[in-house]
Amino acid sequence: GDETYYFYDLNDSDFEDDEVEEDDDDDEDEDEDDKDFEMLYPHTADMPLPVQNYYINRASKKLKVIYMDQWKNETHGHFLVQFFKYSFTSDERIEIMSQCQQNQSLHQRDKGCQHEENNAESVATALREFSLDNLGHYGGNKNFYARVLLSQVVMHHMSRLGGVIIANRRGTKFQAIEFNNNFSSDFHQVPLVSVSYATDPEGIDNPKMFLRDETYELLTVDNELAILIEDHLLNYVKNEEENDLASGLLFHRGFLPPMEITPFNQDYGSEVESKPPADLENFPDVNFGIELELSCASGNYRERTGKNLADHANVQVRAGFFGGKGKGGGSSKGWITLMNTSKDSSKSKSHTYGKHDKWRLVIDRSIEANELNPLSATFELVSPILSGPRDLSEVSRIVTIMTDVACVRVNESMGLHVHVETKEDDYSLQKMISICQYFLLYEEIMDSFLPKHRRTDSNESLRYFKSNKKSILQNTVATSPDDAILILSSCQSYDELYERMNPNVGKGPRYHKLNLQNLKTRRQPTMEFRQHHASKNVEDIVFWVRFCVLFVYNASKLSPICSSDGIPDATLESLFDDIIKCSMVRNYYSEKQV
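Residues numbered from 1 in each chain as written. Predicted model: local features only at pLDDT ≥ 70, side-chain atom pairs only at ≥ 80, totals over all residues. Heavy atoms only, no water.

### Brief notes about the nonpolar core
Applicable threshold: The term nonpolar core refers to a set of buried residues drawn from Ala, Val, Leu, Ile, Met, Phe, Trp, Tyr and Cys, joined through side-chain atoms within 4.5 Å. To sort residues, take the accessible area from a 1.4 Å probe on protein chains only and compare it with the maximum for the residue type: under 20% means buried, over 50% means exposed, and anything in between is partly exposed. For the purposes of this entry, the term helix denotes a DSSP run of H or I that reaches at least four residues, the term strand denotes a run of E that reaches at least two, and both are numbered from the N terminus. We call two residues in contact whenever any of their non-hydrogen atoms come within 4.5 Å of each other.
Within the largest apolar cluster, 86 residues are counted, with the highest numbers of intra-cluster contacts made by F449, F529, F547, F551, L575 and I580. With 13 residues, the single largest contributor to this core is helix α20 (residues 538-555). Setting aside anything within four residues of it in sequence, one finds L575 in contact with Y442, I445, F449, F547, F551 and I580.

Shown next as structure tokens:
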């Protein structure tokens, strides 16, 4: 139409040059614009990833990139009105505006409230009066309430406040948002709220100091909303390890665009979340453990994150030092014990195998920080040895508190590893063969309810969790997928089984989806499921633990697959009918299957 657009070809050699040619006479005039563009980040849903990466990496160059998103078209009229219209469906806007119907100054009796959404004063009042206290812990449309909260933040900016502090009700997360200005591009009007952002888990004093000399509003909301706002902001702000001198908090700078509307299935949400994790169906009393790879975008180091986790979760936490691999495990050289009172546990000391009975934050150099927060601390949250339904609830509690007290981020380089105890005294060779055969049988089915980057032959898979089935085909006489399953039945020893499941290829034998090397080396009596992605979602983590434990427990009770019986059909239905045998786990992964 009448708009001006600029297109950059990713294959253009000029686009790849380290320096961008420009007229020296324009340098002085463009300096101010460049400062704004350094903080402009494209909308992740609509901008191609290579363009995102280019802009993020070249933000300091004098190259103008248009904010390519639907929001760029919502530029006519009052900023708050347009932000409001973009953030909600028409039905949602009516619902928000209807809460002000009793206010005669805003809603005349002969007008429907939907007609007032074009009035900035009406929108501001409706947002101010909309209560966020009705969000239940389970089953609520959290995305809707988070969009209301974000719109309230913009409303406070339009009210000429200097900033807001968003606090969660547990008092474990305080986010300071300082408003700078609105931004407009010379190429296209792009209304955005420019912000400086910091987060702190230790109290409100530092965020107040961050907003010193500013008028601000304190918004106290449910923990889920605080985390959703944190996630959204961290997609559009960047840290370069600059600290605010007064508060000591790390500066993040960028812009505050609207939050996307995501579908909400009320029925499914209620079904999955109506029961707390402790109310488990058919979960056996089997020892297990988790390793969850994370990064902390607030700039907090492991020691500070661990201290806050210890304080708020009332557990003993050990944080690793930098250094070579040591007795502590992982890549940590030594440990700091951050709380001396261990959690009450009914498990005997024999469950610790003489090693750790504490939650640990282990240095992990294999994972990468998020692009917008490249200097943030990366680590692995490692559980003590856990057992049964009670400790599965403990996983839920710890992960929930972890996301509350730290600015936790995950990306595709990070994974969730689950260990399940399979002592040779308790699991005969035939039982171990059955577990491995049924894992190979259902490997592709398990891929179907995991993200694409955690499936066979993805870049991450080739590096860190290769397909066991493909490795067997490439390193034994097996010539077909069925042969790969049947060849395990001829194993005459545990070590022969371990070697066939984990051939010494690539980075090493342990980098397979099902890793048996702890059993082979006698380091610890567990098999490790390595293919799941890292997540901050408690349900993702808890349901995967349930899946892995039930898989091992029930598959071990089946007879090994032999050629005379034929290879069973591998379907989602047979996986859950014959192996998992849990309706809630089945429902959860049926919904996720692609």
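### Topic: the pattern of salt bridges
Between side chains of opposite charge, pairing is possible as soon as their charged atoms come close. Convention followed: What makes a salt bridge here is a side-chain nitrogen of Lys or Arg within 4 Å of a carboxyl oxygen of Asp or Glu, nothing more.
This model, assessed by the stated rule, comprises 21 salt bridges. The partner of R397 in a salt bridge is E394, with the nearest N and O atoms 3.0 Å apart. Placement of both R397 and E394 in helix α12 (residues 388-405) is noted, with a separation of three residues, approximately one turn of the helix.

### What to know about the packing of helix α21 (residues 572-580) against helix α22 (residues 583-592)
The condition is simple: Note on geometry: axes are C-alpha line fits, over the in-contact stretch for helices, and angles between N-to-C directions span 0 to 180 degrees. Should an angle lie under 35 degrees it is considered roughly parallel, over 145 roughly antiparallel, and from 65 to 115 roughly perpendicular; all remaining angles are considered oblique. By convention, the crossing between two helices is left-handed when the near helix turns anticlockwise from the far helix through less than a right angle, and right-handed when the turn is clockwise. Classification used: nonpolar for Ala, Val, Leu, Ile, Met, Phe, Trp, Tyr, Cys and Pro, charged for Asp, Glu, Lys and Arg, polar for all others including Gly.
Running from amino to carboxyl end, α21 crosses α22 at an angle of 160 degrees, the nearest separation of the two axes being 10 Å. By the criterion of interaxial angle, the relationship of α21 to α22 is roughly antiparallel. Both α21 and α22 take part in a crossing whose hand is right-handed. Every residue of α22 that contacts α21 at L572, E573, F576, D577 and I580 is listed here: V585, R586, Y589 and S590. Residues of the contact of α21 with α22, tallied by class, amount to five nonpolar, one polar and three charged.

### Remarks on the packing of aromatic side chains
Aromatic ring pairs are described here by two measures, namely the spacing of the ring centres and the angle between the planes. Note the threshold: Any pair of Phe, Tyr and Trp rings, taking the six-membered ring for Trp, is counted once the centres come within 6.5 Å. Such a pair is stacked with planes under 30 degrees apart, edge-to-face with planes over 60 apart, and tilted for the rest.
Applying the stated rule across the entire model yields 22 aromatic pairs. Arranged with centres 6.4 Å apart and planes meeting at 75 degrees, the rings of W544 and Y589 form a pair that is edge-to-face. Here Y589 lies in helix α22 and W544 lies in helix α20, a separation of 45 residues in the sequence. Here W544 and Y589 have matching classes, each one buried. An angle of 90 degrees between the planes, with centres 5.4 Å apart, marks the rings of Y588 and Y589 as edge-to-face. Like Y589, Y588 is buried.

### Quick word on the pairing of strand β10 (residues 359-363)
Side-chain direction in a regular strand flips from residue to residue, so the side chains alternate between the two faces of the sheet. Going by this rule: Each pair of strands is called paired provided DSSP finds at least two bridges between the two strands.
Taking burial as the measure, the five residues of β10 include five buried ones, the bulk of the element. The pairing of β10 with strand β11 (residues 377-382) spans four bridges and is antiparallel. For I363, the partnering residue across the bridge sits in β11 and is F379.

### Regarding the confidence of the model for the protein chain
Our working rule: Confidence scores here are pLDDT values: one per residue, from the predictor, ranging 0 to 100.
Per-chain confidence: the protein chain averages 76 in pLDDT, with 71% of residues scoring 70 or above. When the elements of the protein chain are averaged for pLDDT, helix α10 (residues 266-273) gives the smallest value, 34, and strand β15 (residues 514-515) the largest, 98. Under a pLDDT of 50 for its full length, residues 103-114 has, in the predicted model, 17 contacts with residues more than four places off or in other chains. For the stretch residues 266-278, pLDDT sits under 50, and the model shows 23 contacts to residues farther than four places along the chain or on other chains.

### Thoughts on the packing of α12 against α20
Think of two packed helices as two axes; the pair is described by the angle between the axes and how far apart they sit. Where α12 contacts α20, the two axes come as close as 10 Å, and the packing angle between them is 155 degrees. Classified by the interaxial angle, the pair formed by α12 and α20 is roughly antiparallel. α12 and α20 meet at a crossing whose hand is right-handed. Taking contact as the criterion, the partners of L392, V395, S396, V399 and T400 in α12 are, on α20, V538, I541, V542, V545 and R546. The residue inventory of the contact of α12 with α20, partitioned by class, reads seven nonpolar, two polar and one charged.

### A look at helix α13 (residues 429-441)
Operational definition: A helix is expected to reach a length of 1.5 Å times the quantity of its residues less one.
Between its terminal C-alpha atoms α13 stretches 18 Å, which fits the 18 Å expected from 13 residues at 1.5 Å a residue. Those residues of α13 not exposed but buried are L429, M432, I433, S434, I435, C436, Q437, Y438, F439, L440 and L441.

### Structural notes on the pairing of strand β14 (residues 415-421)
Among the seven residues in β14, seven count as buried, and that is most of the element. Here β14 shows two buried faces, one formed by G415, H417, H419 and E421 and the other by L416, V418 and V420. In terms of strand pairing, strand β7 (residues 287-296) meets β14 through five bridges, oriented antiparallel. When the bridges of β14 are listed, F288 appears paired with V420. One ladder, built from six bridges, connects β14 with strand β16 (residues 526-533); its direction is antiparallel. Across the sheet, E421 pairs through a bridge with T526, a residue of β16.

### A short note on unusual backbone geometry
The phi dihedral of D213 falls on the positive side, at around 65 degrees, and the residue is not glycine. Structurally, D213 is set in the loop between α8 (205-210) and β4 (216-221). Assessed through its relative accessible area of 80%, D213 is described here as exposed.

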